[in-house]
Amino acid sequence: WTMNKNCLLCGVGGQGVVLASKLIAYAAMEKGMFVRTSETIGMAQRGGSVVSHVRVGEEIHSPMIPKGSADVLLAFEPAEAVRNLSYLKRGKEGGIVIVNQKALQPVTASLDGKGYDSGEMLHFLKNQVERLYVIDGENICSKAGSAKTLNIALLGAAVAGNALEIGMEEMEREIRRRVKPQYQEMNLKALELGAEAVCTE
């Protein structure tokens, strides 16, 4: 690690945002780095928005990422990416956004009965972000054999996009350590497919 890394993960309750942030944190700690994490969980249990901050580096005073300083925005669906875009680093050394293309509305958004168009959200992101990877999470999850592997697919994409300074082997090791044995293979498959999705762009 040459410097501090700020990673913001955002999604909807039940998508595995918190597990993904823990895997990043554990992998960084294995490398001897200092890590702080913080979760902002709305109505997570009922499908509300979930935001997780992971900060890695030498001098981190607050677990919360200041606006405009996230190196990575890992978004489990497009509207959450747009909602949290103000955290992303801008300019030449701007941050990277990895987003799952399928819309999954938080309960709070569907209460007013208005749906939203994920295409519009993705179009907005493409105009705003230099380094944007859009992942077909649904396709990856069906290949991996479970809809619950989206979080790991996004981690695979982040690793392959050099967004985290954590290698594939290090992430695989954490999955073997932290995920129940019966779910390991599908998660390792999702990690690999997520990485491939970025490499073939």
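Above this text sits the structure in question.
Below you will find a few notes about this structure.

As a further point, take helix α1 (residues 17-30). Taking 1.5 Å as the rise per residue, α1 with 14 residues should run 20 Å; its terminal C-alpha atoms sit 20 Å apart, in good agreement. Every buried residue of α1 is accounted for by Val-17, Ala-20, Ser-21, Leu-23, Ile-24, Ala-25, Ala-27 and Ala-28. At the C-terminal side of α1, Gly-32 shows a positive phi close to 80°.

The next subject is the pairing of strand β4 (residues 72-75). Residues Val-72 and Leu-74 of β4 are buried on one face, and the alternating residues Leu-73 and Ala-75, pointing to the opposite face, are buried as well. Pairing between strand β1 (residues 5-12) and β4: four bridges, direction parallel. Bridged to Cys-7 within β4 is Val-72. Pairing of β4 with strand β5 (residues 96-100), which is carried by four bridges, proceeds in the parallel orientation. Residue pairing for β5: Ala-75 is matched across the bridge by Val-99. Between β4 and its parallel partner β5, the chain crosses via helix α2 (residues 78-83), and the hand of that crossover is right-handed.

Here we come to the environment of Ala-20. Summarising the element assignment, Ala-20 is placed in helix α1. The class of Ala-20 is buried, set by a relative accessible area of 0%. Not counting residues up to four positions away in its chain, the partners in contact with Ala-20 are Leu-9, Phe-76, Asn-151 and Leu-155.

Turning to helix α8 (residues 181-199), a few remarks are in order. With 19 residues, α8 should reach 27 Å at 1.5 Å per residue; the first-to-last C-alpha distance of 28 Å fits that figure. Those residues of α8 that sit buried are Gln-184, Asn-187, Leu-188, Ala-190, Leu-191, Leu-193, Gly-194, Ala-195 and Val-198. The secondary structure elements touched by the buried residues of α8 are β6 (131-135), α5 (137-144), α6 (150-160) and α7 (168-178).

Definitions and cut-offs
- Residue numbers here run from 1 along each chain, matching the order of that chain's written sequence.
- In keeping with the model being predicted, local features are shown solely for residues with a pLDDT of at least 70 and side-chain atom pairs are shown and tallied solely at 80 or more, while totals for entire chains, interfaces and linings include all residues.
- For side-chain calculations, the full set of non-hydrogen atoms in the structure is used, while hydrogens and water are omitted.
- Comment: elements are numbered from the N terminus, with helices defined as DSSP H or I runs of at least four residues and strands as E runs of at least two.
- Multiplying one less than the number of residues by 1.5 Å gives the expected span of a helix.
- Buried means the residue's accessible area, taken with a 1.4 Å probe over protein chains only, is under 20% of the maximum for its type, while exposed means over 50%, and partly exposed covers the values in between.
- Any two strands with at least two DSSP-identified bridges between them are counted as paired.
- By convention a crossover is right-handed if, when the strands point away from the viewer, the path from the first strand over the helix to the second runs clockwise.
- Any two residues whose heavy atoms approach within 4.5 Å are treated as being in contact.

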